Amino acid sequence: MFNEKGFPLILKGVLISVLFSLICVLIFAMLGAIFSFNDVASLIASIVIKIFAVFIGVFFSVQGEKGLLKGALYGLCIIIVNYLLFSLIGGNFNFSVKLLWELLLGVAVGAVAGIVAVNLKKKA
């Protein structure tokens, strides 16, 4: 997992996730300009985007064995990079309990996606 193949795979998962997140956030922002979503809708959309971004990033980058462990690690990396990127864009680095929940969400979703990815790729 931590060999010469590990880092490029983590990087691949992070890049896929970041691109997916950016596209979804841009689409949501355009829709928000048209429909004026409230704070609850924005929060729900943010969580759903993060879940799908982690799942997709992990699914397309985890290979081999130990899907749970790799997926959890990739999910953690994805949430950290997304947090840093969007904080940089927004100009607000706010460490709070919300970030801890997002990290836990990333680890959990990443673990599930890693298990799914490894088992589906074994059958293929």
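Residues numbered from 1 in each chain as written. Predicted model: local features only at pLDDT ≥ 70, side-chain atom pairs only at ≥ 80, totals over all residues. Heavy atoms only, no water.

**Some thoughts on the overall build of the protein chain**
So, point 1. For the protein chain, the helix and strand inventory stands at four helices and zero strands.
So, point 2. Mapped in sequence order, the helices and strands of the protein chain form the string α-α-α-α.
So, point 3. Taking 2.2 N^0.38 as the reference for a compact globule, 124 residues should give roughly 14 Å; the C-alpha atoms of the protein chain span a radius of gyration of 15 Å, in line with that estimate.
So, point 4. Its C-alpha atoms put the protein chain at 45 × 30 × 20 Å along the principal axes.
So, point 5. Sorting the 124 residues of the protein chain into buried and exposed places 31% on the buried side.
So, point 6. When contacts within the protein chain are restricted to residue pairs at least 6 apart in sequence, those whose partners lie at least 24 apart make up 79%.
So, point 7. Surface accessibility of the protein chain: about 7800 Å² in total, with carbon and sulfur atoms responsible for 77%.
So, point 8. In the protein chain, the 9 positive side-chain charges and the 4 negative ones have mean positions that sit 9 Å from each other. (Helix = DSSP H or I, 4+ residues; strand = E, 2+ residues; numbered from the N terminus. Rg over C-alpha atoms; globule rule 2.2 N^0.38 Å. Buried < 20%, exposed > 50% of the residue type's maximum accessible area, 1.4 Å probe, protein only. Contact = heavy atoms within 4.5 Å. Areas by Shrake-Rupley, 256 points an atom, 1.4 Å probe, with all protein chains shown as cover. Lys, Arg positive; Asp, Glu negative; His and termini not counted. Charge placed at Lys NZ, Arg CZ, Asp CG, Glu CD.)

**A look at helix H4 (residues 97–123)**
So, point 1. Under the 1.5 Å per step criterion, the end-to-end length of H4 is 40 Å for 27 residues, consistent within 8% with the ideal 39 Å.
So, point 2. Taken together, the buried positions of H4 are occupied by Leu-99, Glu-102, Leu-103, Gly-106, Val-109, Gly-110, Ala-111, Ala-113, Gly-114, Ala-117 and Val-118.
So, point 3. Check the buried side of H4 and you find it contacts helix H2 (39–59) and helix H3 (67–90). (Expected span 1.5 Å × (residues − 1).)

**So, the packing of H2 against H4**
So, point 1. Taken N-terminus to C-terminus, the directions of H2 and H4 make an angle of 40°; their axes are 8 Å apart at the nearest point. With respect to the hand of their crossing, H2 and H4 are arranged in right-handed fashion. Listed contacts from H4 to Ile-47, Lys-50, Ile-51, Val-54, Phe-55, Val-58 and Phe-59 of H2 are Glu-102, Leu-105, Gly-106, Val-109, Gly-110, Val-112, Ala-113, Gly-114, Val-116, Ala-117, Leu-120 and Lys-121.
So, point 2. Residues of the contact of H2 with H4, tallied by class, amount to 13 nonpolar, three polar and three charged. (Axes fitted to C-alpha atoms, helices over the stretch in contact; angles between N-to-C directions. Left-handed = near helix turned anticlockwise from the far one by under 90°. Nonpolar A, V, L, I, M, F, W, Y, C, P; charged D, E, K, R; others polar.)

**Details of unusual backbone geometry**
So, point 1. Unusually for a residue other than glycine, Ser-36 sits at a positive phi of about 55°.
So, point 2. Looking at the secondary structure, you find Ser-36 in the loop between helix H1 (6–35) and H2.
So, point 3. Look at Lys-66: it is not a glycine, yet its phi comes out positive at around 60°.
So, point 4. Classification of Lys-66 by relative accessible area gives exposed; the value is 57%.

**Brief notes about the packing of aromatic side chains**
So, point 1. On inspection of all chains with the given rule, the structure shows six aromatic pairs.
So, point 2. Seen from their ring centres, Phe-59 and Phe-60 are 5.3 Å apart, and the 90° between their planes marks the pair as edge-to-face.
So, point 3. Taking the centre distance of 5.7 Å and the plane angle of 45° together, the rings of Tyr-83 and Phe-95 count as tilted. Here the residue Tyr-83 occupies a position in helix H3, and Phe-95 occupies one in the loop between H3 and H4, the gap between them amounting to twelve residues.
So, point 4. By way of ring pairs, the aromatic residues Phe-28, Phe-35 and Phe-37 are connected into one cluster. (Phe/Tyr/Trp six-rings, centres within 6.5 Å; stacked < 30°, edge-to-face > 60°.)

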